[in-house]
Amino acid sequence: MEGKGVGNMEQRRTDLALEARELWQERAGETSQLEGVEARTGEREGFRSETVHILDERGEQALGKPAGTYVTLTMDGLQRREEDAFGRGARAVAGVLRELMGPEGEKGGALVVGLGNRAITPDAIGPKVHEYTLVTRHLVEGVPEHFGSFRPVASLAAGVLGTTGMESGELVQAVCRSLKPAWVIAVDALASRSLERLCRTVQISDTGIVPGSGVGNHRFALDEKTLGVPVLAVGVPTVVYGATLAADLLGRDDLPPLGRGGELLVTPKDIDSQVGDLSKVIAYGINLALQPGLEMKDLDLLLS
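Residues numbered from 1 in each chain as written. Predicted model: local features only at pLDDT ≥ 70, side-chain atom pairs only at ≥ 80, totals over all residues. Heavy atoms only, no water.

**What to know about the packing of aromatic side chains**
Inference 1: Within the structure shown, the criterion is met by two aromatic pairs.
Inference 2: Relative to Y284, the ring of F86 lies with its centre 5.2 Å away and its plane at 70 degrees, an arrangement referred to as edge-to-face. One end of the pair, F86, is in helix α4 (residues 85–101); the other, Y284, is in helix α12 (residues 271–290), and 198 residues separate them in sequence.
Inference 3: By relative accessible area, Y284 is classed as buried at 3%.
Inference 4: R13 extends its terminal NZ or CZ atom over the ring of Y241, reaching a point 4.3 Å from the ring centre.
Inference 5: Above the face of the F47 ring, R88 is positioned so that its terminal group lies 4.6 Å from the ring centre. (Phe/Tyr/Trp six-rings, centres within 6.5 Å; stacked < 30°, edge-to-face > 60°. Helix = DSSP H or I, 4+ residues; strand = E, 2+ residues; numbered from the N terminus. Buried < 20%, exposed > 50% of the residue type's maximum accessible area, 1.4 Å probe, protein only. Lys NZ or Arg CZ within 6 Å of the ring centre and 35° of its normal.)

**Some words on unusual backbone geometry**
Inference 1: Phi is positive for E45, close to 50 degrees, though the residue is something other than glycine.
Inference 2: Positioned with a positive phi, K180 is a non-glycine residue whose angle comes to about 55 degrees.

**A word on α12**
Inference 1: The first and last C-alpha atoms of α12 sit 28 Å apart over 20 residues, in line with the 28 Å expected at 1.5 Å per residue.
Inference 2: Across the 20 residues that make up α12, a large majority, 15, are buried. (Expected span 1.5 Å × (residues − 1).)

**Looking at the pattern of salt bridges**
Inference 1: Applying the stated criterion across every chain, the model contains 17 salt bridges.
Inference 2: Of the charged contacts in the structure, one is a salt bridge between E131 and R118, with a shortest N-O distance of 3.2 Å. In this pair, E131 is assigned in helix α5 (residues 125–132) and R118 in the loop between β4 (110–115) and α5, connecting sequence segments 13 residues apart.
Inference 3: When its relative accessible area of 48% is taken as the criterion, R118 is described as partly exposed.
Inference 4: Note that R137 and E141 form a salt bridge whose closest N and O atoms lie 3.8 Å from each other. Of this pair, R137 and E141 are both found in helix α6 (residues 137–142), four residues apart, which corresponds to roughly one turn of the helix.
Inference 5: Judged by its relative accessible area of 32%, R137 is partly exposed. (Salt bridge = Lys/Arg side-chain N within 4 Å of Asp/Glu carboxyl O.)

**Things to note about the packing of α12 against helix α13 (residues 296–303)**
Helix-helix packing is described using two parameters, namely the angle between the two axes and the distance between the axes.
Inference 1: The interhelical angle for the contact between α12 and α13, taken along N-to-C directions, is 110 degrees, at an axis separation of 11 Å. The pairing of α12 with α13 is recorded here as roughly perpendicular in orientation. Here Y284, N287 and L288 of α12 lie close against α13, whose contacting residues are M296, L299, D300 and L303.
Inference 2: Class assignment for the residues of the contact of α12 with α13 results in five nonpolar, one polar and one charged. (Axes fitted to C-alpha atoms, helices over the stretch in contact; angles between N-to-C directions. Parallel < 35°, antiparallel > 145°, perpendicular 65-115°, else oblique. Contact = heavy atoms within 4.5 Å. Nonpolar A, V, L, I, M, F, W, Y, C, P; charged D, E, K, R; others polar.)

**Here's the deal with the pairing of strand β8 (residues 231–241)**
Inference 1: In terms of burial, β8 is largely enclosed, as eleven of its eleven residues are buried.
Inference 2: In terms of strand pairing, strand β6 (residues 183–192) meets β8 through nine bridges, oriented parallel. In the strand pairing of β8, L190 is matched with P237.
Inference 3: Two elements, strand β7 (residues 201–205) and β8, share three bridges in a ladder whose sense is antiparallel. For Q203, the partnering residue across the bridge sits in β8 and is G235.
Inference 4: Note: β8 against strand β9 (residues 265–266), two bridges, orientation antiparallel. Bridge pairing in β9 links Y241 to L265. (Pairing = 2+ DSSP bridges.)

**Details of the nonpolar core**
Inference 1: In this structure, I204 and I286 are the most contacted members of the largest nonpolar core, which totals 45 residues.
Inference 2: At eleven residues, the largest contribution of residues to this core is made by α12.
Inference 3: Not counting the four nearest positions on each side in its chain, I204 is found in contact with T69, Y70, V71, L73, V93, V96, L97, L100, A233 and V234.
Inference 4: Of all hydrophobic cores here, the second largest spans 16 residues; its members include C176, V184, L222 and L227. (Core = buried A, V, L, I, M, F, W, Y, C linked by side-chain atoms within 4.5 Å.)

**Quick notes on the pairing of strand β1 (residues 37–44)**
The two faces of the sheet receive side chains in turn, since in a regular strand these alternate between them.
Inference 1: Two elements, β1 and strand β2 (residues 47–54), share eight bridges in a ladder whose sense is antiparallel. Across the sheet, the residue bridging to T41 is E50, located in β2.
Inference 2: Where β1 hands over to β2, the hairpin turn is made up of two residues, of which E45 adopts a positive phi near 50 degrees.

**Things to note about the environment of L23**
Inference 1: Tracing the sequence through the fold places L23 in helix α1 (residues 17–28).
Inference 2: For L23, a relative accessible area of 6% corresponds to the buried category.
Inference 3: Counting along the chain gives eleven residues from L23 to R12, while the straight-line C-alpha distance between them is 8.4 Å.

Shown next as structure tokens:
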């Protein structure tokens with residue numbers, strides 16, 4: 001879990017602001033008022049949208065997350081293979097990203113960073129998003145007569161310390177110093193408190209991200225303070241801790257004494273296909289947000 005939680009939330013691990021708020025409410029009682037936090041629900045492209053605004057230090061301390069906006073999209077329709085679920089999911093992601101970027105989001109280049117280990121399927125969301133990212137920086141500079149209207153976009157699959165010998169944050173920091181992008185969009189796998197949200201939700205925030213937080217391996221933070229540019233974070237919960245899952249299934253407020261089993265990471269049996277589907281949806285959403293003049297059919301052609 002990112003940041004520093006309160007009470008049981010320090011143990012029942014989750015990277016989702018929505019779930020951190022739920023845990024606080026469960027512990028404090030339904031009638032208690034959570035100061036410094038605002039929440040609302042809505043709908044985007046037929047998918048449920050839940051927004052948590054952490055307004056100040058009170059909210060930060062209660063939920064253990066930095067102040068900012070966290071939007072969670074629930075994409076059940078992808079698993080059910082509903083009509084146009086892929087396109088609707090990509091457009092929903094794009095819409096949230098554009099809102100978080102605001103009017104200034106239409107200006108300047110962008111760097112898309114895929115965090116994680118491509119050799120470990122639950123941690124491969126970031127690297128797979130990198131594979132579907134529409135990279136245009138070299139084309140805008142080299143063939144301006146054809147691509148001059150495109151936003152310059154670069155993409156990086158940063159890898160992990162164990163395979164590169166470098167902190168992914170340090171690598172991204174070095175690339176930012178060289179490219180000087182106006183925006184960084186970082187994508188990573190997260191941890192949830194519940195099986196129900198694994199590979200069914202996408203969290204998008206304007207607070208940056210801490211690589212490895214989903215598996216309790218906190219690394220160099222990627223945020224505006226460390227990189228010098230605004231950082232949007234896109235995350236998908238792909239794992240749940242054994243102890244957190246057991247407490248959730250049993251309806252307990254405390255964590256059951258599972259010993260070493262409490263540190264086990266549980267993931268869906270069809271994680272391969274789910275990571276593949278979600279990473280493509282997220283990548284297309286990022287592409288649509290960064291290149292608003294394009295449509296889904298254009299991306300299919302350019303990325304084929």
